[in-house]
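Observations on the model geometry
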Amino acid sequence: MFRQVRVPVLGIVENMSYFVGDDAGATKSSATAVARKLAQQAGVPFLGEIPIDPRVAECGDAGDPIVHKYPDSPVAQSYATWRPR
C-alpha cells in the first residue's frame, strides 16, 4: 500500500511482539517471525520489537505517555534504547 501511494518504507517495527508478565518473564508472539519475513520480502530492515503493555492505553487515555509515567517499563525501555541497525 505504501509503495502504491509513493510513501517510502524505512523499515518494519513489530508492535505488540511479546508480553512481559509480573514475574518479568517474556512470552514471545509467533508474529515476530512474520514481521521479520515481511521486512525481508519488502527489502527493508527489521527495526525492532515493542512489547505489549496494557498501561499504554491507560496512559494514552490520560494524556501521559508511558515513557513518562512508567519510564522503567519494558515498553518505555524499548523506545529509550532503540538504535538503528
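Residues numbered from 1 in each chain as written. Predicted model: local features only at pLDDT ≥ 70, side-chain atom pairs only at ≥ 80, totals over all residues. Heavy atoms only, no water.

Bringing the pattern of salt bridges into the picture now. According to the stated counting rule, one finds 3 salt bridges in the structure shown. Here Glu49 and Arg36 are joined by a salt bridge, their closest N and O atoms 3.9 Å apart. With Glu49 in strand β3 (residues 46-52) and Arg36 in helix α1 (residues 31-42), this residue pair connects regions lying 13 residues apart in the sequence. Its relative accessible area of 23% is what places Glu49 among the partly exposed residues. Residue class for Arg36 comes out partly exposed when judged on its relative accessible area of 40%. Across the salt bridge formed by Glu58 and Lys69, the nearest N and O atoms sit 3.4 Å from each other. With Glu58 in helix α2 (residues 55-62) and Lys69 in helix α3 (residues 66-69), this pair connects stretches of sequence that are 11 residues apart. Residue Glu58 is classed as partly exposed on the basis of its relative accessible area of 38%. The class for Lys69 is partly exposed, based on a relative accessible area of 39%. (Salt bridge = Lys/Arg side-chain N within 4 Å of Asp/Glu carboxyl O. Helix = DSSP H or I, 4+ residues; strand = E, 2+ residues; numbered from the N terminus. Buried < 20%, exposed > 50% of the residue type's maximum accessible area, 1.4 Å probe, protein only.)

Any link to function would need more than the numbers given here.
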